[in-house]
Amino acid sequence: MADTDTVERPQEDAALVPTVRDEEGNLSPEFVETVDAAIEADDTDRLKALTEDLHEADLADLIEALHPTDQSKLVRLLGRDFDFVALTELDDAMRVRILDELPPEAVAEGMRELNSDDAAHILEDLDEPDKDAILERMSFVERLQLQRVLDYPEESAGRRMQTDFIAVPPFWTVGQTIDYLREAEELPEEFYQIFVVDPGFRLQGTLPLDALLRSKRPQKISEIMRGSPYLVAATDDQEEVAHLFERYNLVSAAVTDDSERLVGVIHVDDIVDVIQEEVEEDIKRMAGIGDEEVSDSILATVRSRFTWLLVNLATAVLASLVIGLFDATIQQMVALAVLMPIVASMGGNAGTQTMTVAVRALATRDIDIFNARRIISRETIVGFLNGMLFAVVIGVIASVWFGSIGLGGVIAAAMVVNMVAAGLFGILIPLTLNKIGVDPAIASGVFVTTVTDVVGFFAFLSFAAWWFGLA
């Protein structure tokens, strides 16, 4: 009877754990409510049972779903059972807030099992005093390893690399290497290749695991190792490294310091995170919201958006000044005031389309000196053809609406002019900004919109003044 109870009890406990995700892949409300109740009751055992099998990504989603006051409490209640890798999945503001509410001893203890890149990612946004307080509670070797990663610039390969890797001398045999891999206690959790180094730890070559396993035991490593054509410097920008991985379909790459000594390795899973971050960064910059996160405070959000909105206000005033030049013309024909926003709006949308394609192509290096002229010509022609098509549509609508064929012709001509300007400047502005060293994702939008507004208003109102003889 006792044996039956022993077998059935885990099944009963498992039945009490709600499904983590629903059919659509979202966290189920029942699961979040159950975790909430366990936190409120300080039920550590129940909380561990609910979270012990969660992947760090699911654990991060759970933290985000909790009330802010319960997020750090969840970490404290789980103690040693909390997987600190989950913190790397959170946005910066939320992660910093949770870490600020935890004692340095708990953070230092939780990071001991992390890879160096994950540990650095957790610490890098903290204030220096908080960072130092955590580092002081780590062992000398751990602190030295982590500090070396943190000393590299942000968004560099050195910040992304793992300092745990496998390196062997070229005179070892395949048998010696395999025996070493089997017997060594401290090896990286995941690795795809072995690095071959000289006594000064300068990289001599690489050895993929498949090549090692296919070779005979007596063979020397120097006979089967491969060259290292795709080296990464620790100070290289992470976006440059991502392009390298994308271009050559790399799984991992060695990282070297200024003396060309091997100091770390970057894996493709780290590069996936880099690519995602760079895309998010470009999207945010194009909208003028900087590094804003959904967990930011109201004041931080206002501060993040205010500057760019102020720039947009200045450009809007410039467009209004152009309209002011034709105030007498507009007073004599009210229909102009009704129709002119159409020209500016269509030009703005067309310009944004071209600009978005250009900014992304610059980020992925699909535009260079060899094809830039061809792409500029293509976008200008596309703008002209779209302008002709929409000129016919809006020309007919305006003629019927206001009973004036002349007015239809005026807005049609202005539409062609502004759509050509949208295509031309939508590509030229990002290219020019990139050439002078300004991030096109940040500044292109406001300049393109200003050009299409000014050209659209000026073309439409000046054509109207000329055609109808208005002054």
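Presented here is an overview of the structure given in this document. (Residues numbered from 1 in each chain as written. Predicted model: local features only at pLDDT ≥ 70, side-chain atom pairs only at ≥ 80, totals over all residues. Heavy atoms only, no water.)

Concerning the overall build of the protein
Here is step 1: Looking only at helices and strands, the protein features 22 helices and 6 strands.
Here is step 2: A compact globule built from 471 residues would reach a C-alpha radius of gyration of about 23 Å, whereas the protein, at 30 Å, exceeds it by more than 25%.
Here is step 3: Each of the three principal axes of the protein carries a C-alpha extent, and together these read 95 × 60 × 45 Å.
Here is step 4: Long-range pairs, those at least 24 residues apart, make up 65% of the contacts in the protein with a sequence separation of at least 6.
Here is step 5: Of the roughly 25,400 Å² of accessible surface on the protein, 57% is carried by carbon and sulfur atoms.
Here is step 6: Side-chain charges of the protein comprise 35 positive and 81 negative groups, with the mean position of each set lying 7 Å from the other. (Helix = DSSP H or I, 4+ residues; strand = E, 2+ residues; numbered from the N terminus. Rg over C-alpha atoms; globule rule 2.2 N^0.38 Å. Contact = heavy atoms within 4.5 Å. Areas by Shrake-Rupley, 256 points an atom, 1.4 Å probe, with all protein chains shown as cover. Lys, Arg positive; Asp, Glu negative; His and termini not counted. Charge placed at Lys NZ, Arg CZ, Asp CG, Glu CD.)

Considerations on the side chain of Asn-371
Here is step 1: Looking at the element boundaries, Asn-371 is found in the loop between α19 (335–363) and α20 (372–402).
Here is step 2: Of note is the side chain of Asn-371, whose polar atom sits 2.9 Å from the backbone oxygen of Asp-366. (Polar contact = N/O pair within 3.5 Å; in protein donor to acceptor, adjacent residues only side chain to side chain.)

Some details on the sheet that holds strand β4 (residues 232–233)
Here is step 1: Strand order in the open sheet made by the 3 strands is β4-β5-β6, with mixed pairing throughout. Edge positions in the open sheet fall to β4 and β6 (262–267), since each of these has one partner strand only.
Here is step 2: Looking at chain direction, β4 and strand β5 (residues 252–256) are connected through 2 bridges and run parallel. Following the sheet pairing, Val-232 is matched in β5 by Val-255. (Pairing = 2+ DSSP bridges.)

What to know about the layout of surface pockets
Here is step 1: In this model, the largest pocket occupies a volume close to 1,600 Å³.
Here is step 2: Lining the largest pocket are 48 residues, and of these Thr-88, His-121, Arg-160, Asp-273 and Glu-277 lie nearest its centre.
Here is step 3: When residues of the lining of the largest pocket are traced back to their parent elements, those giving at least two are α4 (56–65), α6 (92–100), α8 (116–123), α11 (157–160) and α16 (268–286).
Here is step 4: Of the residues forming the lining of the largest pocket, the biggest block, 9 residues, is contributed by α16.
Here is step 5: A per-class count over the lining of the largest pocket returns 8 nonpolar, 10 polar and 30 charged.
Here is step 6: Forming the boundary of the second largest pocket are 21 residues, of which Arg-112, Leu-114, Gln-145, Asp-164 and Glu-186 lie nearest the centre.
Here is step 7: Elements with a contribution of two residues or more to the lining of the second largest pocket: α8 and α10 (140–150).
Here is step 8: Top contributing element to the lining of the second largest pocket by residue count: α10, with 3 residues.
Here is step 9: Taken together, the residues of the lining of the second largest pocket sort by class into 11 nonpolar, 3 polar and 7 charged. (1 Å grid on protein atoms, 1.4 Å probe; cavity = no way out; pocket = protein on both sides within 12 Å on 5 of 7 lines; lining within 4 Å. Points joined across faces, edges and corners; volume = space filled by probe spheres on them. Nonpolar A, V, L, I, M, F, W, Y, C, P; charged D, E, K, R; others polar.)

Just distances and angles here, no functional claims.
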